[in-house]
Amino acid sequence: MASCALLPCLTAGGAAAGPAFSIAEQPLGAALLELARQSGRDVLFRPELVRGCRAAPLTGISDFETALSRLIGGCHLRYRLGDGGAIELERAPPPSVATVGGPLPEVLIVSAPYRGVPPTAIATTGLIDSLTTDDLRERADRTLAESLGRLAGVNVLVTSLQGDLGGIDRAARGEGQFAAVRGLDSAYAVTRLDGVSVAQSMPYSRAVQLSLLPPLAMDGVELTKTPDARDDGDATAGQFDLRLASALEGGAHTRLLLQGNLDERSATLGRSSGGGLATVDIARQLGRDNSLGLAVTGYYGRNRFASVEQSYQSTQFEYRLTDANGRTPAGMDPARNLLATSLNVQYSEGETRRWGGSLAGDWQPNDTFRAFAHVTVATADTDQEVYQMGFQGGRDPSFITRVALGNGLYETRSVKTQVHYWFETNPDTATLGTAQVGADWHAGALTLSPRLFYTWGENGRPQHIEMSFWNPATTTVAQGLTLGHQNGYPVVTGPAAALALADGVDGLPVSNRGQITSLSSRQDRLGGALDGKLAIAPDATLEAGVKITDSQRDSYRRDQEGQLVGGRGAVDAGITLADLSAVGLRAGTLTAPLAGIYDFTFPLVDADRLAQLYRQRDTTARWTADAWNGNTLSGGERTVAAYAQTRLAWDELELLPGFRAEFSDLTNRYWLSGNNGLPAGGVNYGWNDSTSQFTALLPRMLARWRPDDHATYRAAIWTSQTAPSPYQLAGNATATQDSDGVVTLTRGNPDLKAVDGLNFDLSGAWTWPGTEAGDDGRLELALFHKRLKNYLYDAGGSLATGAATSDAQVRLSIPTNGGTARLTGAELTLDQGLAPLADSLRHFRLAGTLSWETTSVCLNNADLDAVERVQYAPRWLAGVQLRYDRDAIHLALDYRWADDYVQSYGTAFVSGGGTTMAGSALDTWVHPTRRLDLSAGYDVGSGLSARLTVRNLGDALAYRTSVGRHGDAVVQTISAGRSYQLSLQQAL
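Everything numeric in this text was worked out from a predicted model, so none of it was measured.

1. Some remarks on the pairing of strand β32 (residues 515–537)
Looking at chain direction, strand β28 (residues 446–469) and β32 are connected through 19 bridges and run antiparallel. If you follow L452 over to β32, its bridge partner there is G528. Between β32 and the antiparallel strand that follows it, strand β33 (residues 540–561), lie two residues.

Shown next, in the form of structure tokens:
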């Protein structure tokens, strides 16, 4: 794990003696950082080498090597000139032990070549991108997922397909939730926090919700794109390492940060709009030679959000023109032949609170032993309210007619419109934590590193509640719905009677008098690992290890509309929106959330009072066994992994061949709904069990070649395996019987195969130092190809079912593996000072990333084309930063753009009008997104700095989708507006 101090970069060749160095007594790591800053030389070393070491004061010495020798004296270290001219520190071995030449396997780089250059790019064998502490602190990002979008090949997702924990209402928060790497969603990536592979607690996949972490909580982030044999086998897309500082690094310090933020949309509408964040970071070194380090960090933050949503009612769209069989006419694009038969205008507001911290203890009594104990925890808690004015013109077949045009074609028309008003809460909680103890023990050429760890994660929707106002008689108009467009938004143009009902919204009668949904998904994972390294020759190191993990997952979803199961609901039947005030439910009124386009009036509801009334009045509601247990899944997963690899180094070349083996055993317990747990007709209703096993044998080969100081080339051929989620193996089991007595059994598939990956990577990085500060630059080009066998796409809260198998009385509908997915791409990263263009630009830098990717996959689904594009894989991704740094002033403009991509596939469904619709032309596409941010900082002095950031300066849309890539009839839109942050940081 590498970190980077921000220091000027000078070439590492010999330099004439300058002014005498002046370095106070302090921990050795901090003293080396100060020496690097004063000398302009690069110094590389493994973090554990300097833990517990303290440097004596240094004055009156101007020769660099003499100064370095004085600082490391007594710490059993020595130095040598490494690749690129950098000074590399290593442990001074006993005389009888052969030393290992070549690049060190893990390094800490005490220097900052220039902004935007990953520190690990200099010395690692694999391809690693990274974000430093300053990268995370200086941007306008709300979540860690957004920050990861600064890296090449990373696509930020503002929502997911995770059922209640995804969808358009999650997108309405207007912030990054997940990160897809190289066209693969986060279920194909490994996330490590403080070195521990974290729990995967999303209910329907193996993804990790990265929005629960604010960027300011991290000490840095690395993305490994070519994992070696030490890394987990399921890192098909890559591996995120979220770093926390060691208690023995950086010396004693106290850092405080205070931030205030403002959401512009909330403020414009007169709603609560302010928030803030506070962080603290304290570290102390104690004991003899400061061998014991203690560090504590903590943060608490709140931010408000408000957005305008436009959506359509699920399944309420049709083919506009059809043939006699109800299909799109031959030669016509189905996506351009769609008729939206509904429009939902929504307003959403809420608040997210994030808090967490870490506690670290590190003890290094000598240079051969180190022990540590670390605990981290992060929590995000969101309250969200959603209000909807809905116009439904295709609710069921009675709303639709098809008019013959006389040429063999038929035109679909809406003939009725129903007006709905709907309110819901969309709360969620997310927690992620790790705890670990471990040690590093050095004995001559051998290093052993045992550790024990525990990680837990939980995602939940603790108390979603909703109610609706409509009536099939009084809010239905015997005229069809017609839609137009205004400034890119669909709008209702008729019938006038429906618009009149919306204008008189207070008169709409209650329908759903209260419905509560609760969801919880948790994983606990306990494990241990032993890693070892042995210097077997001057140019060879053997690395091997074993890891055992045992995890438990429990999830459930329970939904109850009280009035349908013996309850009374939260309010009496027959009341209207106007009557809510009498029972304490009215919380005001919001008018025209998007003035000039959506000028509707939205009565606001007191969500806490609604939940209180529901609990008080619905004591007679009853649960059936199916309703209580039907979406319950629990199970365990045990994985045993072992690896071995040899690091071979010859001058400019390093090879890292390795092999990893993993063996996983999963058990699941689930409920088969359909007869309230009573076996019948040969079907085992009620509780069932399943087991699945996976074996991964994963050879990996990495290579690095540095022909000179300014060029590095890397190549890798490696394999991976990602197992299906427990939900796809055993979730959502139901059995239904048709009028002919045939039972359709829908359930997970314990026989699903894991997705096997074969990955190829080739990259080159070139640097040029320049003749003076501001001239330097760096260019990196990476090429990759992935072949994924038995591909599984993200079906979210649904099962990725294939064609049903059947006999005379039972049809089985289960998830099935797809065929082979192929992903090929290129990533370009550039960082260049602009001084060569003009002297007036010597304080400016331009940095950017550009990614291109092409994908194809065979899903083996008869509803879709033989070849589809892979989900979450934009063809292009781009980011650029223009930065100005002069003395204490720092200014930056950041722009990011993502091309369109497939979010979900057009698998078969029945429309409101009764038509079966399917096909790749009906895939849901996320439209291109863009965002411009502004950052301005000032270093006041004495450790105090101030920063102002503006997020989404251009007020771009946060999210827009359409059914069909180029369709404009069936769309969803989120407008979330700008936000502002002002922060003060004090280092003591």
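2. Quick word on a positive patch on the surface
Judged by side-chain charge, K753, R787, K789 and R822 come together as a positively charged surface patch. Along the polypeptide, K753 turns up in the loop between β41 (743–746) and β42 (755–768). You can call K753 exposed: its relative accessible area is 51%.

3. Things to note about the domain arrangement of the protein chain
Note on interface size: it is often stated as the accessible area lost on association of the parts. Taken domain by domain, the protein chain consists of domain 1 (21–91) and domain 2 (126–508 + 533–987). Averaged C-alpha coordinates put domain 1 and domain 2 at centres separated by 43 Å.

4. Here's the deal with the sheet that holds strand β12 (residues 189–193)
The mixed open sheet is built from five strands, whose spatial order is β9-β14-β15-β12-β13. Each of the sheet's edge strands pairs with one partner strand only, and the pair in question is β9 (128–132) and β13 (196–197). Sheet topology places β12 next to β13; two bridges connect them, and they run antiparallel. From the neighbouring strand, R192 faces β13, where its bridge partner is S197.

5. Regarding the environment of G757
Within the fold, G757 resides in strand β42. With 35 residues separating them along the chain, G757 and T722 place their C-alpha atoms 8.1 Å apart. When sequence neighbours within four positions are dropped, the list of residues in contact with G757 reads W718, T719, S720, R787 and L788.

6. Considering the side chain of R206
In this structure, R206 sits in the loop between β13 and β14 (220–224). We classify R206 as buried; its relative accessible area is 6%. At 3.3 Å, the side chain of R206 and the side chain of E637 are in polar contact. A polar contact is formed between the side chain of R206 and the backbone oxygen of A723, at a distance of 3.1 Å. Once residues lying within four places of it in the same chain are set aside, the contact partners of R206 are S186, A187, Q200, E637, L666, A723, P724, S725 and P726.

Rules of the game
Residues numbered from 1 in each chain as written. Predicted model: local features only at pLDDT ≥ 70, side-chain atom pairs only at ≥ 80, totals over all residues. Heavy atoms only, no water. Pairing = 2+ DSSP bridges. Helix = DSSP H or I, 4+ residues; strand = E, 2+ residues; numbered from the N terminus. Patch = residues over 30% accessible without salt bridge, like charges linked within 9 Å, V, L, I, M, F, W, Y side chains within 5 Å. Areas by Shrake-Rupley, 256 points an atom, 1.4 Å probe, with all protein chains shown as cover. Salt bridge = Lys/Arg side-chain N within 4 Å of Asp/Glu carboxyl O. Lys, Arg positive; Asp, Glu negative; His and termini not counted. Charge placed at Lys NZ, Arg CZ, Asp CG, Glu CD. Buried < 20%, exposed > 50% of the residue type's maximum accessible area, 1.4 Å probe, protein only. Domains from an automatic or database assignment. Contact = heavy atoms within 4.5 Å. Polar contact = N/O pair within 3.5 Å; in protein donor to acceptor, adjacent residues only side chain to side chain.

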